[in-house]
Amino acid sequence: MFQKASFSKLRGPGRIATAALGLVLILSVSALAQPANPSGSIANFFHSIVGEWIGTCEQSTNGEKAENKYFHFVVTQVNSNSYNSKFEYFRFDDAKGAPIPIGSDSVITTIKPDGKAETKLDGKGIVLVENKPKNQTHSLVEVLSNVPGGLQGKGTGKVSVSGMPLGLGKNGKVNSSQTAWALNNGILTINQQINVGFRALFFTKKFNMQAKYTAQRGSDVASIIKAPTKVSAKPGSKLSRQM
């Protein structure tokens with residue numbers, strides 16, 4: 001999924017998780033709503049989505065909704081068994097009244113002889129933790145299978161955020177990810193569920209993320225971006241994020 005994000009002030013392990021969650025998440029894709037893949041194979045599905053897409057990502061962490069982010073997504077076919085994908089992410093900047101880049105992901109999808117596929121995702125960017133920029137990197141490996149509703153993936157990965165106290169950001173782990181891809185009437189949807197954990201010294205902090213990507217053919221992200229509706233953190237919550 002990297003991003004330049006704005007977070008409310010956090011204390012303790014919550015703030016590192018906030019920073020890293022945004023990135024992972026940027027990362028990949030999705031939770032299990034599945035309209036049809038009539039072509040019946042992973043190769044045909046990816047062949048049908050080759051080209052440029054723009055869209056919106058709705059997301060939440062531990063049930064707390066975050067501001068939407070936006071993306072430009074390009075899929076290219078390398079050969080009969082390989083596809084490259086590039087995500088560029090944006091958020092709406094209130095001061096500028098325009099979208100600004102917050103990160104990127106590169107994804108390589110390789111179709112195996114058994115009909116399944118392996119996706120390798122790598123991304124990097126910047127997150128803001130208490131208004132201080134922190135560099136972050138993330139990677140994810142998933143196995144995609146063809147299912148009646150489209151494609152479904154499962155995988156694991158890792159996340160690293162630099163400059164955090166007690167080295168907390170160095171040990172981010174994607175314990176599990178589940179993704180679902182579907183294409184219906186020209187609309188591409190990618191749903192995602194990710195569990196991320198951070199460990200330092202004698203404690204571990206875990207977070208559950210959900211994201212829904214909805215995309216249409218196009219190249220101009222600004223054409224679909226609207227000023228976001230502000231989302232307030234729930235009373236007593238330690239986690240609030242903007243990606």
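The coordinates are above.
Now for a look at the structure at hand.

## Re the packing of aromatic side chains
In the structure shown here, the tally under the stated rule is nine aromatic pairs. The interplanar angle of 75° and the centroid separation of 6.2 Å between the aromatic rings of F45 and F46 together place this pair among those described as edge-to-face. The exposure class of F45 is buried, given its relative accessible area of 1%. Given the relative accessible area of 1%, F46 is considered buried. Three or more aromatic residues link up through ring pairs in this structure, and these residues are F45, F46, F71, F73, Y83, F87, Y89, W181 and Y213. Above the ring of Y89, the side-chain terminus of K69 is found at 4.5 Å from the ring centroid.

## Regarding the pairing of strand β4 (residues 82-93)
Taking burial as the measure, the 12 residues of β4 include nine buried ones, the bulk of the element. Pairing between strand β3 (residues 69-79) and β4: nine bridges, direction antiparallel. Paired with Q77 across the strands is Y83, a residue of β4. Hairpin connection, β3 to β4: the antiparallel pair is bridged by two residues. Pairing analysis gives 12 bridges linking β4 to strand β5 (residues 98-111), with the strands arranged antiparallel.

## Let's talk about unusual backbone geometry
In the Ramachandran plot, N185 falls in the positive-phi region, its phi being about 50° despite a non-glycine side chain. A relative accessible area of 81% means that N185 is categorised as exposed.

## Structural notes on the environment of I190
Relative to the elements of secondary structure, I190 occurs in strand β10 (residues 187-200). Judged by its relative accessible area of 1%, I190 falls in the buried class. Measuring from C-alpha to C-alpha, the distance between I190 and A215 comes to 8.5 Å, with 25 residues separating the pair along the chain.

## Considerations on the environment of K158
Here K158 lies in strand β8 (residues 150-161). Given a relative accessible area of 56%, K158 falls into the exposed group. In this structure, the C-alpha to C-alpha distance between K158 and N171, residues 13 residues apart in sequence, is 7.7 Å. Contacts of K158, omitting those with residues within four sequence positions, involve T137, H138, S139, G172, K173 and V174.

What counts, and where the lines are drawn
- Residues numbered from 1 in each chain as written.
- Predicted model: local features only at pLDDT ≥ 70, side-chain atom pairs only at ≥ 80, totals over all residues.
- Heavy atoms only, no water.
- Phe/Tyr/Trp six-rings, centres within 6.5 Å; stacked < 30°, edge-to-face > 60°.
- Buried < 20%, exposed > 50% of the residue type's maximum accessible area, 1.4 Å probe, protein only.
- Lys NZ or Arg CZ within 6 Å of the ring centre and 35° of its normal.
- Helix = DSSP H or I, 4+ residues; strand = E, 2+ residues; numbered from the N terminus.
- Pairing = 2+ DSSP bridges.
- Contact = heavy atoms within 4.5 Å.

Scope: geometric values only; no functional claims are made or implied.
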